[in-house]
Amino acid sequence: MQTKTIQQLVRERILVLDGAMGTMIQQYNLSEADFRGTRFKDAKGQLKGNNDLLCLTRPEVIEDIHRKYLEAGADIIETNTFNATSVSMADYHVEAYCREINLAAVRLARRIADEFTAMNPEKPRFVAGSVGPTNKTCSMSPDVNNPAFRALTFDELQAAYCEQMEALLEGGVDTLLIETIFDTLNAKAAIRAAELSMEKTGRKVPLMLSVTVSDVGGRTLSGQTLDAFLASVEHADIFSIGLNCSFGARQLKPFLERLAARAPYYISAYPNAGLPNTLGQYDQTPEDMAAEVKEYIDEGLVNIIGGCCGTTEKYIAKYQDLIRGVQPRVPVQPHKYMWLSGLELLEVSPEINFVNVGERCNVAGSRKFLRLINEKKYEEALSIARKQVEDGALILDINMDDGLLDAVEEMTTFLNLVASEPEIARVPLMIDSSKWDVIRAGLKCVQGKCIVNSISLKEGEDVFMAHAREVKELGAAVIVMAFDEKGQADTFSRKIEVCERAYHILVDKVGFNPHDIIFDPNVLAVATGIEEHNNYAVDFIQATGWIRKHLPGAHVSGGVSNLSFSFRGNNYIREAMHAVFLYHAIQQGMDMGIVNPATSVLYTDIPQDILERIEDVVLNRRPDAAERLIETAERLKREKEGTDSQEGHEAQLLWRKDTTVEERLQYALVKGLSDYLEEDLQEALSRYPNAVSIIEGPLMAGMNHVGDLFGSGKMFLPQVVKTARTMKKAVAILQPYIEAEKQEGARSAGKVLVATVKGDVHDIGKNIVSVVMACNNYEIIDLGVMVPAEKIVETAIREKVDIVGLSGLITPSLEEMVHVVTELQRAGLDIPVMIGGATTSKLHTALKIAPVYHAPVVYMKDASQNALVAAKLLNAEQRPAFVEALNEEYQALRDKNKQKVVKTVSLEEAKKNKLNLWD
Ligand code: THG
């Protein structure tokens with residue numbers, strides 16, 4: 001009998017997705033040996049924790065879990081493949097088995113789902129291929145010192161996803177579920193891989209997306225708002241979109257509401273079982289969670305509901321009563337405007353009557369920008385971008401086309417740098433190049449929805465369509481220049497002829513969204529002395545009116561500064577000409593323009609006599625118009641010598657007036673501005689007893705303020721990362737003074753290894769600890785972020801460190817810290833450990849981490865304590881009393897929380913364990 005498809009069923013009722021896989025697997029208390037089975041008996045490293053490998057080594061466990069969820073009423077079960085890409089599996093050295101794991105995972109899920117469908121064909125069960133975000137991010141640098149660095153490229157990730165998805169599709173999944181999206185660029189690579197894999201296998205299945213928000217402001221880890229995210233993925237053929245993980249159902253609700261109101265797809269949600277407690281565990285009951293989920297259903301927010309971290313079949317079973325008889329939500333209508341995004345959404349609706357695109361980051365359009373890129377002065381080049389955003393640019397045009405530059409490389413570097421500047425990355429980008437490989441490389445660096453500048457019919461229809469398809473696949477809007485095989489369209493009739501032809505190819509043949517098409521009918525220089533040029537502006541303006549009337553949805557843009565090339569050297573006349581041109585073109589519907597956003601000349605400010613002469617030129621009103629304007633320009637130039645527009649700059653410096661050095665340092669830290677650090681630190685040095693006291697005083701205070709702002713959702717992660725970079729720069733400036741202050745021949749106080757544990761990329765706290773400890777004469781070995789346990793152990797031994805500091809911000813890091821410390825114990829080490837970071841707690845340290853290690857494990861509340869505690873730990877006289885007091889404190893905590901305690905171990909026991917496990 002023919003059962004219903006998921007597309008049919010979702011229109012009839014709310015569908016139930018299963019709960020967490022990891023939480024269920026934990027209940028089986030599997031050992032290292034279980035994960036290995038016989039097949040991976042001799043594989044190197046640890047395999048425990050590689051849940052997806054169980055599809056090969058303990059398939060009956062996974063089968064059992066699927067069965068429990070199906071019995072609990074789940075309509076959709078997810079394959080156990082969240083980490084089954086070569087990128088993630090490389091952590092366990094088993095990347096060669098990805099295809100096999102995925103195939104095995106689908107077969108397992110498929111067989112059991114089909115079994116349940118056969119028992120009750122009225123309730124068909126579906127298998128969703130789970131595709132996780134991987135352990136790396138394409139749009140952020142894991143290296144604080146090099147924000148342009150990427151551990152993974154779009155193409156590499158796309159290839160890894162293709163391998164996984166082809167196997168999932170061949171194995172027979174009913175849908176692909178790209179989940180726990182924390183970086184939109186990763187998600188875009190996954191989407192592209194899904195499309196390619198569906199083409200290759202000839203199996204088109206619905207595509208489900210699920211995002212995780214990382215802060216209370218509702219942004220992704222890579223800093224995008226959900227609105228911006230929707231713009232970034234709208235090019236895909238999406239079945240459902242939703243949220244998972246992040247928070248409990250209650251905390252997730254406002255974000256789900258926002259998403260449901262704007263996303264024209266079915267909506268899914270699978271929250272965690274409440275918020276994690278101090279031990280990183282989820283202890284909301286199934287009843288409590290169901291009560292919260294009921295609100296989603298009563299308010300018509302969702303079509304698909306399930307559970308993430310902490311949920312089991314008991315939670316999922318509760319949903320059956322909630323969904324019974326409930327009419328499913330109908331998706332909202334698609335929007336009618338162009339959506340672009342950086343970290344935030346730019347909706348080009350009629351309310352924004354004109355979008356100004358900043359022209360200054362163009363090596364062909366700015367001598368200064370060219371020089372900065374040539375000299376690799378990227379900081380300063382970025383400040384040109386930042387200034388334009390401050391001046392009100394809604395989009396930034398970036399162009400690296402110069403004969404002596406490697407444009408692909410420069411575009412990549414600059415876009416990667418922009419991505420780590422939240423004040424700049426806020427706005428969408430326009431990737432400007434006449435070389436297609438530069439545009440392609442650019443699109444693969446940006447998580448937001450960009451504009452490609454540009455494509456044209458210059459090389460004929462085939463190339464035009466190929467480029468347009470690629471733009472569509474990579475999710476961008478496009479500028480179409482009015483060029484064709486015959487050349488540049490310079491008259492009204494040529495402009496409209498080329499634009500009309502291009503429009504129909506794009507809309508009818510390529511399937512391009514008309515709202516994502518921007519025509520550029522060529523702004524060409526007027527008043528050049530050549531008569532044929534006199535009507536160029538008029539032709540542009542008329543063509544604009546025609547396009548807006550006859551090519552529905554399409555926008556009109558132009559490079560406005562081209563118009564006034566004849567008046568180079570006279571900025572006032574140039575800016576006044578631009579104002580006049582825009583005044584008339586905007587009336588005809590020009591709604592976008594590449595301009596200098598710092599321009600201060602308004603149409604209404606132009607004195608009548610000058611206005612008349614400019615309009616004579618722009619509107620081609622008399623044959624001698626150009627000569628007369630040149631006359632005026634020369635007169636003005638003599639009068640205005642030296643008073644070019646400088647304001648803007650003044651206003652920006654208000655924060656420096658009448659403020660204390662502490663206030664200025666704090667402002668610089670919060671805003672991530674390093675321009676005045678040198679100056680302010682010099683002043684601080686004259687006021688504070690020494691350099692260390694500046695770090696421990698105002699700089700630490702600034703960082704604490706940043707911590708508070710982050711905690712309350714007023715800053716988001718990329719901003720905090722930038723702050724940390726500024727802190728690093730401040731410390732670098734102070735470093736020579738710190739060195740000089742050290743007493744002659746002062747000995748190292750000890751060697752400290754610091755690391756952010758595997759699975760976590762947050763290093764701000766860790767970096768501050770490093771700085772403070774270094775100031776106190778400790779030698780720091782900083783292993784960076786995402787550091788595997790083996791590397792920590794190996795380095796601790798090789799470098800003979802005195803203390804190991806572990807840092808982490810996210811909940812899974814708690815578990816990883818237990819693992820690292822277990823490994824230190826297993827290696828027979830005796831090095832004290834310090835634990836710090838946002839989710840860590842004294843309770844978790846006492847209950848879960850300290851017991852697995854015989855040497856001291858100390859929880860550090862903040863970075864100000866580390867030096868003090870380290871001194872005690874490394875002093876033979878003070879250590880015993882300190883450790884005793886610590887143990888007593890921990891024991892008291894354990895006594896109060898008896899049922900949660902894990903057994904404490906001695907060194908001997910650990911050695912025995914080691915033998916059991918590995919022999
Ligand atoms: N259409 C589209 N894209 C474009 C253009 C267009 N991109 C490039 C260009 N034209 C728009 N950008 C600029 C940038 C700067 C200038 C003109 C156009 C400019 N620069 C000063 C000059 O050359 O006199 C530079 C002075 C300096 O060095 O600072 O005028 O038409 N789609």
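Residues numbered from 1 in each chain as written. Predicted model: local features only at pLDDT ≥ 70, side-chain atom pairs only at ≥ 80, totals over all residues. Heavy atoms only, no water.

Threshold: UniProt positions are given in the numbering used here, feature names are shortened, and annotations may be inferred rather than shown by experiment.
Named according to an unreviewed UniProt entry, the protein is Methionine synthase originating from Bacteroides mediterraneensis. What the UniProt record of the protein gives under Catalytic activity (unreviewed entry) is the line "(6S)-5-methyl-5,6,7,8-tetrahydrofolate + L-homocysteine = (6S)-5,6,7,8-tetrahydrofolate + L-methionine". UniProt annotates the protein under Pathway (unreviewed entry) with the comment "Amino-acid biosynthesis; L-methionine biosynthesis via de novo pathway; L-methionine from L-homocysteine (MetH route): step 1/1."

### Considering the overall build of the protein
Operational definition: A helix here means a DSSP run of H or I that spans at least four residues, while a strand means a run of E at least two residues long, and both kinds are numbered starting from the N terminus. Every radius of gyration here is taken over C-alpha atoms, with the globule rule written as 2.2 Å times N^0.38, N being the number of residues. Only heavy atoms matter for contacts: two residues are in contact if any of them lie within 4.5 Å across the pair. Surface accessibility follows the Shrake-Rupley procedure with a 1.4 Å probe radius. Residue values consider only the protein chains on display as shielding. Counting rule for charge: Lys and Arg are taken as positive, Asp and Glu as negative, and neither His nor the chain ends is counted. For the purpose of locating charges, the reference atoms are NZ of Lys, CZ of Arg, CG of Asp and CD of Glu.
When its secondary structure is counted, the protein shows 37 helices and 25 strands. For 919 residues, the compact-globule formula gives about 29 Å, and the C-alpha radius of gyration of the protein, at 31 Å, lands near that figure. Its C-alpha atoms give the protein principal-axis dimensions of about 100 × 85 × 45 Å. Counted over contacts in the protein with a minimum sequence separation of 6, partners at least 24 positions apart contribute 75%. Total accessible area computed for the protein in this model is approximately 37300 Å², and 51% of it derives from carbon and sulfur atoms. A gap of 3 Å separates the mean positions of the 100 positive and 128 negative side-chain charges of the protein.

### Topic: the packing of helix α23 (residues 571–587) against helix α24 (residues 608–618)
Rules: Helix axes use the C-alpha atoms of the stretch in contact, all axes being lines fitted to C-alpha atoms, and the angles between their N-to-C directions lie in the range 0 to 180 degrees. By definition, any crossing whose near helix is turned counterclockwise from its far helix by less than a right angle is left-handed, and any crossing with a clockwise turn is right-handed. When residues are grouped by polarity, Ala, Val, Leu, Ile, Met, Phe, Trp, Tyr, Cys and Pro land in nonpolar, Asp, Glu, Lys and Arg in charged, and all others, Gly among them, in polar.
Two numbers describe how α23 lies on α24: the axes approach to 10 Å, and their chain directions differ by 65°. Where α23 crosses over α24, the two elements pack in a sense that is right-handed. Within the contact between the two elements, α23 uses Y572, I573, A576, M577, V580, F581 and H584 and α24 uses I610, L611, I614, E615, V617 and V618. Class assignment for the residues of the contact of α23 with α24 results in 11 nonpolar, one polar and one charged.

### Looking at the sheet that holds strand β21 (residues 750–756)
Our working rule: When DSSP finds two or more bridges between two strands, those strands count as paired.
If you trace the five strands from one edge of the open sheet to the other, you get β22-β21-β23-β24-β25, paired in parallel fashion. Whereas interior strands pair on both sides, the edge strands pair on one side only; in this sheet they are β22 (778–782) and β25 (857–859). Strand after strand, the sheet turns through a mean of 25° between neighbouring axes, direction not considered. As judged from the five bridges shared by β21 and β22, these two strands associate in the parallel manner. When the sheet's bridge partners are listed, V754 is paired in β22 with D782. Against the sheet, helix α34 (residues 842–849) contacts β24 (833–836) and β25, and its axis sits at roughly 160° relative to β25.

### Re unusual backbone geometry
Selection rule: Exposure classes here rest on a 1.4 Å probe applied to the protein chains alone. A residue is buried below 20% of its type maximum, exposed above 50%, and partly exposed in between.
Omega for the bond connecting N453 with S454 falls within 30 degrees of zero, at 15°, which places this linkage in the cis form. Mapped onto the elements of the fold, S454 is located in strand β14 (residues 451–455). The phi torsion at A527 lies on the positive side, around 55°, for a residue other than glycine. Mapped onto the elements of the fold, A527 is located in the loop between β18 (517–520) and α22 (536–550). On the accessibility criterion, A527 (7% relative accessible area) is buried. Even without being a glycine, N620 presents a positive backbone phi close to 55°.

### Things to note about helix α15 (residues 367–374)
How we decide: In this description, the arc belongs to the directions extending from the helix axis to the C-beta atoms.
Along α15, the positions that sit buried rather than exposed are F369, L370, L372 and I373. When α15 is viewed along its axis, its buried side chains cluster within an angular range of 165° and face the same direction. Each element contacted by the buried residues of α15 is listed here: β11 (355–362), α16 (378–390), β12 (395–399) and α17 (407–419). Backbone geometry just downstream of α15 places K376 in the positive-phi region, at approximately 55°.

### Considerations on the packing of helix α11 (residues 249–262) against helix α12 (residues 286–298)
For clarity, the threshold we go by: Roughly parallel means an angle under 35 degrees; roughly antiparallel means over 145; roughly perpendicular covers 65 to 115; every other angle is labelled oblique.
At a minimum axis separation of 9 Å, α11 and α12 run at an interaxial angle of 20°. Taken together, the axes of α11 and α12 are roughly parallel relative to one another. Like other packed secondary-structure pairs, α11 and α12 cross with a definite hand, here right-handed. Where α11 approaches α12, its residues A249, R250, L252, K253 and L256 are matched on the opposing element by E292, V293, E295 and Y296.

### Description of the side chain of S341
Worth spelling out the cut-off: Identification of polar contacts relies on pairs of N or O atoms within 3.5 Å, with a donor-acceptor requirement for protein atoms, meaning one able to donate a hydrogen and the other able to accept it, and with residues adjacent in sequence counted only if both atoms are side-chain atoms.
Along the chain, S341 falls in strand β9 (residues 338–341). One polar contact links the side chain of S341 to the main-chain carbonyl oxygen of A228, over a distance of 3.1 Å. Within polar-contact distance, the side chain of S341 engages the backbone nitrogen of K449 at 3.0 Å. Apart from residues lying up to four places away in sequence, S341 is in contact with Q224, A228, A231, S232, L346, P428, G448 and K449.

### So, the site of the ligand
Here is the rule we go by: Near is defined per residue: the residue qualifies when any heavy atom it owns lies within 4 Å of the molecule or strand.
The full set close to the ligand counts 18 residues, and R360, D520, N562, R568 and R574 are the nearest of them. Between the ligand and the protein, one listed contact pairs a nitrogen atom with a side-chain N or O atom of D520 at 2.7 Å. Within the side chain of R574, one N or O atom sits 2.8 Å away from an oxygen atom of the ligand. For the ligand, whose unbound accessible area comes to 670 Å², protein coverage reaches 84%. Of all the elements in the fold, those that place two or more residues in the shell around the ligand are β11 and β15 (477–481). Per-element tally for the shell around the ligand: the top contributor is β11, with three residues. Considered class by class, the residues forming the shell around the ligand number four nonpolar, seven polar and seven charged.

### A few points about the side chain of H533
Among the structural elements, H533 can be located in the loop between β18 and α22. On the basis of relative accessible area, H533 is assigned to the buried category, the value being 19%. If near-sequence neighbours (up to four positions away) are discounted, H533 is found in contact with A525, V526 and T528.

### Points about the nonpolar core
This is how the line gets drawn: Only buried residues count toward a nonpolar core, which is a set of Ala, Val, Leu, Ile, Met, Phe, Trp, Tyr and Cys residues joined through side-chain atoms within 4.5 Å.
In terms of nonpolar packing, the biggest core is built from 200 residues, with L176, L209, I241, F414, F519 and F581 touching the most fellow members. Among the elements that line this core, the one with the most residues is helix α7 (residues 98–119), at 10 residues. Not counting residues within four places of it along the chain, the set of residues in contact with L209 comprises L177, I178, I181, I191, F229, V233, I238, S240, I241, G242 and S268. Counting residues in hydrophobic clusters, the runner-up holds 84 residues, among them L677, I694, L734 and V787.

### Some details on the sheet that holds strand β1 (residues 15–16)
Sheet architecture is open: eight strands sit in the order β1-β8-β7-β6-β5-β4-β3-β2, paired in parallel fashion. The outermost strands of the open sheet, each flanked by one partner alone, are β1 and β2 (76–78). Note: strand β7 (residues 266–272) against strand β8 (residues 304–305), two bridges, orientation parallel. Bridge pairing in β8 places S268 opposite I304.

### Here we look at the pairing of β11
The element β11 is extensively covered by neighbouring structure, given that seven of its eight residues are classed as buried. Sheet analysis places β11 next to strand β20 (residues 592–595), joined by four bridges and oriented parallel. Residue pairing in the sheet places N356 in a bridge with G593 of β20. In the sheet, β11 pairs with β12 via four bridges, with the strands oriented parallel. If you follow G358 over to β12, its bridge partner there is L396.

### Examining the confidence of the model for the protein
As a general rule, the predicted coordinates of low-pLDDT regions are not to be interpreted in detail. Which entries qualify depends on this criterion: pLDDT gives the predictor's per-residue confidence on a scale running from 0 to 100.
The pLDDT averaged across the protein works out to 91; a share of 95% of its residues lies at or above 70. Across residues 644–651, where pLDDT falls below 50, the model places three contacts with residues more than four positions away in sequence or in other chains. Predicted confidence is poor over residues 910–919, with pLDDT under 50, and the contacts of this stretch with residues over four places away or in other chains come to seven contacts.

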